[in-house]
Amino acid sequence: MSDLSLNARKTGQEKHPVVSTAEFRDYYALLKPRVMSLVVFTGAVGYLVAPMTNHPILGIIALFALALGAGAAGAFNMVYERDRDALMQRTKNRPLPMGLMHPADALAFSTILGGIALVLMWMAAGVLAAGILAFSIFFYAVVYTMWLKPTTPQNIVIGGAAGAFPPMIGWVAATGALSWDSVVLFGIIFFWTPPHFWALALFSKNDYAAADFPMLPNTHGTEVTKKHILAYSLLLFPLGCIPYFIGTVAEIYLVAAIVLGGRFAHLAWKLKVSSDMQDARKLFGFSILYLFSLFGALLVDKYAFLLWSTLQ
Amino acid sequence: MTPEEQSLYQARQKRKNVAVALAIVGFVALIFVITMFKFLVLT
């Protein structure tokens, strides 16, 4: 690494560098790899749980396109929020607030990546999957990042839709059509997103205040946020069970949905009656485990059932 | 721009050009592979 990039990494002072000192890993960081892993995982589950008609090779390319699309949206988000990111502890070490690359480079990277993602998705999975991917990128970049996030404390409620599309895209990539099963998977992530982000906003309250984002704990206080978290957690419990009742999956999933949904609601209740912010961290951590486990249970159930049917 | 920055800039620019060229070739190759796959395997 050069001295210049070392300086930029140390000080974080250079906002628009004359010389871009960005390395490969900085462009990789623009893609928000952790968010991308969740997108790819839920998209892959949507693909694998659906009654597949598309060839698996094309499915893998469609999931790759989904990952690129998510990365493009994440990169755009980082370009637009670079000034506010510099004010938050959680985000101040991102490549743009650190001054490691010019925003125009990051914007070009995001735009080209988004274009490649859409073309690949269209070729591998058809126009419907590409259309939903295009809408989800637009929703995240424009509706959520540019409009809702800086203006309303309900930002994450509506904006959560952007993160809920991947299993639907996976489903459409596998079957070529939408179905109620995919709408339910969308709904699970849509109702999971607010309690997940509000738990984060509770223990990052000062951070969000510094960046002047109107998150619910900052605008309406801690108690109102805890009530909202509990309400959404209680809604999530029955919603998580619906894939069983509409016949997408069977009993293995139902047991997992009841146990995980019950624990989610229990942690939300504990947070509601507690004054310890550690409970918010616990709920935030569990919410990630919840989503991975619930979608993992969809896969286990589907393939255990297939294996059982084959052995019979 | 200092001479040190100038040479660093040129080196970065060269790397960026190579990366962009590789991305274009990779993208075109992938489109070609998908088209051939659909044409030869799926039809």
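None of these values were measured; they are calculated from a predicted model.

What counts, and at which threshold
Residues numbered from 1 in each chain as written. Chains lettered and ligands numbered in written order. Predicted model: local features only at pLDDT ≥ 70, side-chain atom pairs only at ≥ 80, totals over all residues. Heavy atoms only, no water. Axes fitted to C-alpha atoms, helices over the stretch in contact; angles between N-to-C directions. Helix = DSSP H or I, 4+ residues; strand = E, 2+ residues; numbered from the N terminus. Parallel < 35°, antiparallel > 145°, perpendicular 65-115°, else oblique. Left-handed = near helix turned anticlockwise from the far one by under 90°. Contact = heavy atoms within 4.5 Å. Nonpolar A, V, L, I, M, F, W, Y, C, P; charged D, E, K, R; others polar. Buried area = accessible area lost by both parts, 1.4 Å probe. Salt bridge = Lys/Arg side-chain N within 4 Å of Asp/Glu carboxyl O. Polar contact = N/O pair within 3.5 Å; in protein donor to acceptor, adjacent residues only side chain to side chain. Phe/Tyr/Trp six-rings, centres within 6.5 Å; stacked < 30°, edge-to-face > 60°. Lys NZ or Arg CZ within 6 Å of the ring centre and 35° of its normal.

**Q** Would you explain the packing of helix H4 (residues 56-80) of chain A against helix H1 (residues 3-40) of chain B in this entry?
**A** The packing of two helices is summarised by the inter-axis angle and the distance between the axes. One way to put it is that H4 of chain A packs onto H1 of chain B with a least axis distance of 11 Å and a crossing angle of 150°. Regarding the angle of H4 of chain A to H1 of chain B, the classification is roughly antiparallel. Crossing angle aside, the handedness with which H4 of chain A passes H1 of chain B is left-handed. In contact with Ile57, Leu58, Ile61 and Phe64 of chain A of H4 of chain A, H1 of chain B contributes Leu30, Ile34, Phe37 and Lys38 of chain B. For the contact of H4 of chain A with H1 of chain B, the per-class residue count stands at seven nonpolar, no polar and one charged.

**Q** Can you walk me through the interface of chain B and chain A in this structure?
**A** Accessible area lost upon the coming together of the parts is a frequently used measure of interface size. Listed per partner, the contact involves 15 residues of chain B and 18 residues of chain A. Summing both sides of the interface, chain B and chain A together bury roughly 1600 Å²; the carbon and sulfur share of this comes to 75%. Taken as a group, Arg12, Phe27 and Ile34 of chain B account for 32% of the area that chain B buries against chain A, more than any other trio of residues on that side. Counting across the interface, chain B meets chain A through two salt bridges. Here glutamate 23 of chain A makes a salt bridge to arginine 12 of chain B, at a shortest N to O gap of 3.9 Å. Taken together, the connections running from chain B to chain A amount to two residue pairs in polar contact (both at pLDDT 80 or more). Across the side of chain B that touches chain A, the residue classes tally to nine nonpolar, one polar and five charged.

**Q** What exactly am I supposed to notice about the packing of aromatic side chains here?
**A** Note on aromatic pairs: each is described by the distance of the centres and the angle between the planes. Residues and elements named next belong to chain A. Counted according to the given criterion, the structure contains 17 aromatic pairs over all chains. Measuring from ring centre to ring centre gives 6.4 Å for phenylalanine 135 and phenylalanine 138, while their planes differ by 35°; the resulting arrangement is tilted. Remark: phenylalanine 138 and phenylalanine 135 occur in helix H7 (residues 127-148); sequence separation between them is three residues, near one turn of the helix. Ring plane angle 80° and centroid distance 5.4 Å describe the contact between phenylalanine 190 and phenylalanine 191, whose orientation is recorded as edge-to-face. Taken together, the ring pairs in this structure connect Phe135, Phe138, Phe139, Phe165, Phe186, Phe190, Phe191, Trp198 and Tyr232 into an aromatic cluster. A cation over an aromatic ring shows up here: lysine 149 above the ring of phenylalanine 213, its NZ or CZ 4.6 Å from the ring centre. Over the ring of tyrosine 303 we find lysine 302, and its NZ or CZ is 6.0 Å from the ring centre.

**Q** Explanation requested: the environment of leucine 87 of chain A in the structure shown.
**A** Tracing the sequence through the fold places leucine 87 of chain A in the loop between helix H5 (82-85) and helix H6 (103-125). As a C-alpha pair, leucine 87 of chain A and tyrosine 208 of chain A span 121 residues in sequence and 8.7 Å in three-dimensional space.

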